[in-house]
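A look at the structure
What follows is the residue order along each chain.
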Amino acid sequence: MSDEFEPKIIAFVCNWCSYGGADSAGNSRLKYNSGVKLVRVMCSGRIDPQFVLEAYKNGADGVLVLGCHPGDCHYQNGNYKTLKRAILMEKMLDQFGIEKDRFILDWVAASEGQKFAAVVNQAYDNVKALGPLNIRTLATSGKELVNE
Amino acid sequence: MSKPKIAFYWCASCGGCEEAIVDLDVDILPVVGAVDIVLWPIALDFKKSDIEGFQDGEITVSFINGAVRTEEQQEMVHLLRKKSKLVVAFGACSQLGGIPGLMNFSTGKNMMDEIYKNSPIVNNTEGTIPRTKCEVDLGDNKDEKGELTLSGMFNHVYPLDQIIDVDYYLPGCAPTKNIVVGAVNAILTGNLPAKGTVLSPNKALCEECKLNSTKPDKFTIKEFKRPHLHKVDPDKCLLSQGFICMGIATRAGCGAQCISANMPCEGCFGPTDNVKDQGAKFLSAVASMIDTDDEEEIKRVIDTIDDPAGYFYRFSLASSILQGKENK
Amino acid sequence: MQNNIGIFMCGCGTNIKDMVNMDEITAYAKSRPGVGLILVNDFYCNIDGKNLIKETIRKEKLTHVIVVGCSPKTHLATFEKCCEEGGLNAYYLQMVNAREQVTWVTEGKQNSTEKIKSLINGAVNRVVVQEALEKKQIDCNTDVVIIGGGIAGIEAAILIGQAGDRNVYIIEKEPSLGGNIVKYDEVFPNMECAPCMVAPRLSELSSLEKVKVITSAEVQDIVGYFGNYSIKVKQNAKYVDEQKCIGCQACFEVCPATYSSKFDENMRDKKAIDILFPGSVPNCAFIVKEKCLRFNGQDCTLCKDSCPFDALKYDDTDKETVVNAGAIIVATGSELYDIAKAPQYGYKRIDNVYTTLEFERIIAQTGPTDGQLVLKSGDAPKSVAVIHCAGSKNKDHLPYCSGICCLNALKASKIIKHRIPDVKVTELYVDLTLPGKQHHDFYEGIKHEGVDFVQLKNSAAVSIDQENANIPIDPNNPAGIKIKVTYTDIHGKTDTISVDMVVLSPGLVPAQSTRNIQEMLKLPIDKNGFLSEDNMKLNEVSSTIEGIFIAGTAQYPKDISATVNQALASCGKVFSKLVPGKKLDVEVMVSQIDQDLCAGCKVCIALCPYKAINFNEDTKKSELIDVLCQGCGTCVAACPSGAAKSLHFTDKQIFEEIKGVLA
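Residues numbered from 1 in each chain as written. Chains lettered and ligands numbered in written order. Predicted model: local features only at pLDDT ≥ 70, side-chain atom pairs only at ≥ 80, totals over all residues. Heavy atoms only, no water.

Glancing now at the packing of aromatic side chains. Inspection of every chain in the model, using the stated rule, returns 19 aromatic pairs over all chains. Both rings, one in Phe282 of chain B and one in Phe312 of chain B, keep their centres 5.1 Å apart while their planes meet at 65 degrees; by these two values the pair is edge-to-face. Here Phe312 of chain B lies in helix H11 (residues 308-312) and Phe282 of chain B lies in helix H9 (residues 278-288), a separation of 30 residues in the sequence. With respect to class, Phe282 of chain B is no different from Phe312 of chain B; both count as buried. Geometrically, the ring pair formed by Tyr400 of chain C and Phe530 of chain C is edge-to-face, given 5.6 Å between the ring centres and 80 degrees between the ring planes. Residue Tyr400 of chain C is found in the loop between strand S21 (383-390) and helix H11 (405-419), and its partner Phe530 of chain C is found in the loop between helix H13 (512-521) and strand S29 (548-550); the two are separated by 130 residues along the sequence. The exposure classification of Tyr400 of chain C matches that of Phe530 of chain C, with both residues buried. Among the aromatic side chains, those forming a connected cluster through ring pairs are Phe8, Trp40, Phe63 and Phe90 of chain B. Against the face of Trp104 of chain C rests Arg29 of chain A, its NZ or CZ located 3.6 Å from the ring centre. It is Lys602 of chain C that lies over the ring of Phe615 of chain C; its NZ or CZ is 4.3 Å from the centre. (Phe/Tyr/Trp six-rings, centres within 6.5 Å; stacked < 30°, edge-to-face > 60°. Helix = DSSP H or I, 4+ residues; strand = E, 2+ residues; numbered from the N terminus. Buried < 20%, exposed > 50% of the residue type's maximum accessible area, 1.4 Å probe, protein only. Lys NZ or Arg CZ within 6 Å of the ring centre and 35° of its normal.)

Opposite the 35 residues of chain A that make contact, chain B presents 55 residues. Taking both partners together, chain A and chain B bury about 4100 Å²; carbon and sulfur atoms supply 61% of that area. Per-residue buried area on chain A facing chain B is highest for Lys84, Phe96 and Arg136 of chain A; these three make up 20% of the total on that side. In this structure, the salt-bridge partner of Asp48 of chain A is Lys281 of chain B, at a minimum N-O distance of 2.8 Å. Our enumeration of links across chain A and chain B arrives at 13 residue pairs in polar contact (both at pLDDT 80 or more). (Contact = heavy atoms within 4.5 Å. Buried area = accessible area lost by both parts, 1.4 Å probe. Salt bridge = Lys/Arg side-chain N within 4 Å of Asp/Glu carboxyl O. Polar contact = N/O pair within 3.5 Å; in protein donor to acceptor, adjacent residues only side chain to side chain.)

One can read the domain layout of chain C as domain 1 (5-133), domain 2 (144-330), domain 3 (338-509) and domain 4 (587-647). Distance from the C-alpha centre of domain 1 of chain C to the C-alpha centre of domain 2 of chain C: 63 Å. (Domains from an automatic or database assignment.)

Our next topic: the side chain of Thr514 of chain C. Residues and elements named next belong to chain C. Mapped onto the elements of the fold, Thr514 is located in helix H13. With relative accessibility at 1%, the residue Thr514 sits in the buried group. In terms of polar contacts, Thr514 uses its side chain to reach the side chain of Thr332, at 2.7 Å.

The next subject is the interface of chain B and chain C. Taken together, the contacts link 22 residues of chain B with 24 residues of chain C. For the pair chain B and chain C, the summed buried area comes to about 1800 Å², and 54% of that belongs to carbon and sulfur atoms. Our enumeration of links across chain B and chain C arrives at two salt bridges. Between Lys621 of chain C and Glu207 of chain B there is a salt bridge; the shortest N-O distance is 3.5 Å. Along the contact surface separating chain B from chain C lie eleven residue pairs in polar contact (both at pLDDT 80 or more). Looking at the side of chain B that touches chain C residue by residue, the class counts come to nine nonpolar, six polar and seven charged. (Nonpolar A, V, L, I, M, F, W, Y, C, P; charged D, E, K, R; others polar.)

What follows is the structure in structure tokens.
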């Protein structure tokens, strides 16, 4: 077993576009690291920021949110809400010390197997370069004192 | 039959929750008459050894306010837990971590440096910070030395329920009179809901706010505003004007007092039951109401919120999903 | 009750089985809490596999099922059916995508094995907090209301009326059906006689028992949802009995009052008791109350006295009725852009400058000049300029192309040339938009008739002024006033021509009625104000609100054939979805707003593209109409107090899946 850091990545994908894109990547036998695991929702608009935080808390080193291209959302405009939330999330995550490369928003259509693999692989490599995400709860579970 | 014993204790707090008890004013008298207060550091001179002398569960209820950040507080709350039938987390700091919890955006070391070394009004050239032990002279004899110990401070701030088992929560900074009186009566009459309940309505503040009827069906927010930089229209929903009012993501029970004073809600009552992370939920709602689909415009509107983490987690950081910033 | 999860591991031939360590996976899966059994099989999607699942559910009394195999997009429906046939609610199923998203994309057997284990853990965590959901159906009214009596509305009413299986109501604001098509004399490209084309359709419509025509009527309010709409209609009094009047026009002759005829683009006055055009449906006169002497205080009974059928009803009143229907087809159309907003074209400023619609009325036999192509002075023009793209493709006016104005302009030239063979006609165009089966030939034909074509630099590169503007008009020689058309052509050369008459071809904008209905129903619109369709390629006839269909130029400018196609397509939607005797299937995985938890913060209302959330002014809470909900969950993600819930994709289920997959 290698000592090398293998990031854990969660990708939230929407049923109609990006999940289909992931399947397309499969049909084309494109490869990406098995550290990437997908959680399916019906629309990227369903993705609650709480899900993203819960992913980090449970060990994800990086989180991807992948939806339909703007204008193509199966539910008209769910992806625009996702876009707004993601922009604000990115700003706020920075204040939590979570680097930009650990939270990715992108658009992948059902036929875009190549794009899916490329986005996921790039995210994986970027997160790997950053190292593991040490969130606060793990670091302070020992009730370390500051002033001994 | 002896009167039920109640205890008040404070951890990392501002004293406002003690004020809240005093603010009950005449309503406190029947309570005081009906109970035996066995601990209340701000007002009465009971000692830790008094509490240690009780049987387990002998105290009917302990109201503990403040967040836990020192060894002493940790020890005291464990003691009170042992000796009490019920423990009520009193106030936002105890329930959520509160304002002290904001230290979790930094580190204990940084905090010590800021307060004792870097503050512009402090002259501390030796860089002295409080330590957990130091040597002191014993009496007049300079040859006899002793060790003075002080409680250690943790690098992290904890809400009460991350340290001990909590039975009920009284939310608020500070809890308002109505919910405190309601809770005390419920305890004294044994009329309590399920363990773990927050003793305030499980609904967002909008329900109690007199400005809710002025809210449009669609929010058309094109910029966010800070109340000291813009004129607040007292007759229109503050959020719809662009002020960051946390009321939509905050539990009701306070009667929307802050809004009545033209100040947007800061979220001190914490989230409702179905929400894990008040800050994240508020972010989701407020981002969704930005009135443009153009990416550049969206960024411009979001830039008008200068401190999202601070606003959205003002009281709840320590109890949120991430609990704070990566502790590097 | 104890959980008893059955995990069906599909080997998927060699696609999964040979790519993983099956024993390790099954051992791990068996160790998960609540898991009762693991069954490995080569294929679960064939008959034997499906039967195995069904039998196992029954035999082992499974409480939950997980199928580890291919993508749910391939076989979710298959396995949901297995569950139902095995006696288990289909929503206790979860699939793990071990093929498209693991074995086909992962390097290394061990890596695939580990990933599948994680995904199974996520599925186990999730499935035990899933809830049973029942398929929902609602009763529905299959009747249809068509708003708008132009050609779209007429054709839709005929198609549905001919089926005879439901009532169809066609509501028109004017006193007669017809819309714009009845204002034309000839239509491109074959120059068919428009009245001859439309009359038999109107006749057909009148003969259909199930079609109820309500004219002089406007929709006041629409409440309800797909399958159950209530439409409040106000019918203005005509003061003539529709059952008795045969349209003999005896009353017109004696009427002393007049009104400016909107049908004729206000180019002439007609009597204050009128019929829009010969062959109107209903064929019934109407009194224009604002101009009628009697309704303005005088005791005039001339029309009543002249009527051989006693059809006059002075005591007629406006009526309000409520029509119930299951679907609504919005066919309220468009109108010409008010080109007076672009002063460079001289419209309403200079005599003899007309729009294409005014031109239609001039050359119409029943029009203000009895079909004579004449100037205001009464003389025939000797030269005409026809200007394309008036106000179109211009960001200060209409930024878009309406697609039919070029053909209308060409038609004008053709008509002018036919009526007055030696008139000089100049067409000034920008680009020629000529889609359609014979439309290019139409243009070629006109070129051969001696019409001059000048290509403009852009749509704004033309201006119209009076020649010698300072010379007062000599009433004895009004024809002497010429119009100066100044333009810059595609090569950058500026020139002027002198003409007697100008015909402007502006683009279309949504009609006022379209705007009214849009506001009433809160129908989404595009950036030009036209009604938004559900999908521009595959579904132009559905709005985004379930049960409201759109047809004709209310959706976007188009010609008659495209309009009729849309009208018929919207009928197809109605026939398919609202079947008499059948209940309406409703989406199962909808969102819900708990009324005990909702504080009425209104964050969710504007977020729903299907208008499925309303604010109840009585309870002061947001209410979700599950019949309209499509289950996207956007409102649930936004709800800041957690009062909204997304069925089958609840917060709890997703949190559990996240935790399980990362463990």
